[in-house]
Amino acid sequence: YHLPCASNESEISMDKSLWKYLFILALAATFPALAAQQDHDHDHEHHHKHHEIALGTGAVYMPHENLWGFGAHLHGLAAINHWMSAGGGYELIAGEHRHHTLSALLHFHPIHPLDINLGPGLVFPDEENPSYRFKAHMEIAAVFELGEHLHLGPSVDIGAGKHDLHFTLGIHMGWAFSAGE
């Protein structure tokens, strides 16, 4: 999963610039979805607490290693109130180098359809780095209901630590269930 290597400084600079533009474009792609949901929000506000089990998958780019891989993460969240939850997650990045991470997560749902997950993670030892290491994790998703419990939408995932940086463009799919009122 190696990207072609740049042969000079201008190509390296162009590769980094292109990645930044693609990342910004992916984030910007979620904003029309927010605007389209504004009228819908007034009729269907999510002012109830809910728990969630979710799976996210996507293409992972690791700029420090100049590698692409496949990523999957699973998380479970318990409602604190109607706009915030807490829980844990597991992330796998597969490819030439395999990464396993456990994370504690805070979930924020400030407006529909925006979901944000933030938290610290612990990356398991691997062949390259034989010790546990810290990684911060953030996922931003625009989620749309496909029924009473199921939601689906595009997501951007960022993981950053001393020995690890990755960006994931993918799909978030979750199952929400009532936490009572």
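Residues numbered from 1 in each chain as written. Predicted model: local features only at pLDDT ≥ 70, side-chain atom pairs only at ≥ 80, totals over all residues. Heavy atoms only, no water.

Student: How should the packing of aromatic side chains be read in this particular structure?
Tutor: The final tally for this structure, using the stated rule, is 3 aromatic pairs. Taken together, a centroid distance of 5.1 Å and an interplanar angle of 45° make the contact between Tyr-61 and Trp-68 tilted. Look at Trp-68 and you get partly exposed, because its relative accessible area is 27%. Centre to centre, the rings of Phe-124 and Tyr-132 are 5.7 Å apart; their planes meet at 55°, and the pair counts as tilted. Since its relative accessible area comes to 31%, Phe-124 is described here as partly exposed. (Phe/Tyr/Trp six-rings, centres within 6.5 Å; stacked < 30°, edge-to-face > 60°. Buried < 20%, exposed > 50% of the residue type's maximum accessible area, 1.4 Å probe, protein only.)

Student: How should I be thinking about the side chain of Glu-139 in this particular structure?
Tutor: Structurally, the position occupied by Glu-139 is in strand β6 (residues 133–142). Of the side chains with opposite charge, Lys-135 comes closest to the buried, unpaired Glu-139, at an N-O distance of 12 Å. A polar atom in the side chain of Glu-139 sits 2.8 Å from the side chain of Asn-117. Polar side-chain contacts of Glu-139 include one of 3.1 Å to the side chain of His-172. Once you skip the residues sitting within four places of it in the chain, Glu-139 turns out to touch His-73, His-75, Asp-115, Ile-116, Asn-117, Ser-155, Val-156, Asp-157 and His-172. (Helix = DSSP H or I, 4+ residues; strand = E, 2+ residues; numbered from the N terminus. Lys, Arg positive; Asp, Glu negative; His and termini not counted. Salt bridge = Lys/Arg side-chain N within 4 Å of Asp/Glu carboxyl O. Polar contact = N/O pair within 3.5 Å; in protein donor to acceptor, adjacent residues only side chain to side chain. Contact = heavy atoms within 4.5 Å.)

Student: Looking at this model, I keep getting lost on the pairing of β6. Mind explaining?
Tutor: The two faces of the sheet receive side chains in turn, since in a regular strand these alternate between them. Where strand β5 (residues 114–123) lies against β6, 10 bridges are found, and the strand directions are antiparallel. Within β6, the residue paired with Asn-117 across the bridge is Glu-139. (Pairing = 2+ DSSP bridges.)

Student: Explain the confidence of the model for the protein chain here, please?
Tutor: Detailed reading of the predicted coordinates is not advisable wherever pLDDT is low. For the protein chain, per-residue confidence averages 80 on the pLDDT scale, and residues scoring 70 or more make up 72% of the total. In this model, residues 1–14 is a region of pLDDT below 50 whose contacts with residues beyond four sequence positions or in other chains number 16 contacts. Scored below 50 in pLDDT, residues 30–46 makes 17 contacts in the model with residues more than four places away or belonging to other chains. (pLDDT = per-residue confidence, 0-100.)

Student: Quick question: what am I supposed to make of the side chain of His-137 here?
Tutor: Tracing the sequence through the fold places His-137 in strand β6. A relative accessible area of 9% places His-137 in the buried class. A polar contact is formed between the side chain of His-137 and the side chain of Asp-157, at a distance of 3.2 Å. Not counting residues within four places of it along the chain, the set of residues in contact with His-137 comprises Glu-91, Ser-103, Leu-105, Asn-117, Leu-118, Gly-119, Asp-157 and Ile-158.

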